[in-house]
Amino acid sequence: MLSPMLPPDFRWIKPAATAYDETVIAHGDTWVVHIYQPERGREWVAMLDAHREPEVRRHRRCTAFANGKTGAELWVQREQARLRLEIQDRVGTQRFLIQRT
């Protein structure tokens, strides 16, 4: 889904082919935000910095799904330069971890 609030190289995607809604913001194939419900019918949570190690990811409660999506888009706008650099560094590092035999 294209969003006028997201930078052009970020997009909403479904976390799985069978998912009902687009709850992930991705840059290329890398997730940066994931909005999820820990328990069905309960509050929504936004996981920020989803591309980083679990211990540095941040989780924020959302008052509603729509509010979480809006907040996530605003966060990506603010953090887009850092996110791009981190993803570029991560992808560059992974490229060298694969060895040809």
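Residues numbered from 1 in each chain as written. Predicted model: local features only at pLDDT ≥ 70, side-chain atom pairs only at ≥ 80, totals over all residues. Heavy atoms only, no water.

### So, the overall build of the protein
Here's step 1: Scanning the protein for helices and strands turns up one helix and five strands.
Here's step 2: Counting helices and strands in the order they occur from the N terminus, the protein gives β-β-β-β-β-α.
Here's step 3: Expressed as a percentage of the 101 residues in the protein, the buried residues total 35%.
Here's step 4: Across the protein, the fraction of contacts at a sequence separation of at least 24, relative to all contacts at a separation of at least 6, is 36%.
Here's step 5: Carbon and sulfur atoms provide 53% of the accessible area of the protein, an area that totals close to 7,000 Å². (Helix = DSSP H or I, 4+ residues; strand = E, 2+ residues; numbered from the N terminus. Buried < 20%, exposed > 50% of the residue type's maximum accessible area, 1.4 Å probe, protein only. Contact = heavy atoms within 4.5 Å. Areas by Shrake-Rupley, 256 points an atom, 1.4 Å probe, with all protein chains shown as cover.)

### Section: the nonpolar core
Here's step 1: Among the nonpolar cores identified, the biggest contains 16 residues, and Phe 10, Ile 25, Val 32, Val 33, Ile 35 and Val 76 are the most heavily contacted of them.
Here's step 2: Contributing elements (two or more residues each) for this core: strand E1 (10-13), strand E3 (30-36), strand E4 (44-48) and helix H1 (65-97).
Here's step 3: Per element, the largest residue contribution to this core is six residues, and it comes from H1.
Here's step 4: Once residues lying within four places of it in the same chain are set aside, the contact partners of Phe 10 are Ile 25, Ala 26, His 27, Val 32, Val 76, Gln 80, Leu 83 and Arg 84. (Core = buried A, V, L, I, M, F, W, Y, C linked by side-chain atoms within 4.5 Å.)

### Comments concerning the sheet that holds strand E2 (residues 24-27)
Hydrogen bonds between backbone atoms are what pair the strands of a sheet, whose relative direction is either parallel or antiparallel.
Here's step 1: In space, the five strands of this open sheet follow the order E1-E2-E3-E4-E5, with antiparallel pairing throughout. Of all the strands in the sheet, just E1 and strand E5 (58-62) have a single pairing partner and so form its edges. Neighbour to neighbour, the strand axes of the sheet diverge by 20 degrees on average, direction disregarded.
Here's step 2: As defined by bridge partners, E4 adjoins E5 across five bridges and the pair is classed as antiparallel. In the sheet register, Ala 46 faces E5, and the bridge partner there is Arg 60. (Pairing = 2+ DSSP bridges. Axes fitted to C-alpha atoms, helices over the stretch in contact; angles between N-to-C directions.)

### Here's the deal with the packing of aromatic side chains
Here's step 1: A complete count under the given rule lists one aromatic pair for this structure.
Here's step 2: Ring geometry for Trp 44 and Phe 65: centres 4.6 Å apart, planes at 45 degrees, overall tilted. Highlighted residues: Trp 44 in strand E4 and Phe 65 in helix H1, separated in sequence by 21 residues.
Here's step 3: Over the aromatic face of Trp 12 sits the side chain of Lys 69, whose NZ or CZ is 4.4 Å from the ring centroid. (Phe/Tyr/Trp six-rings, centres within 6.5 Å; stacked < 30°, edge-to-face > 60°. Lys NZ or Arg CZ within 6 Å of the ring centre and 35° of its normal.)

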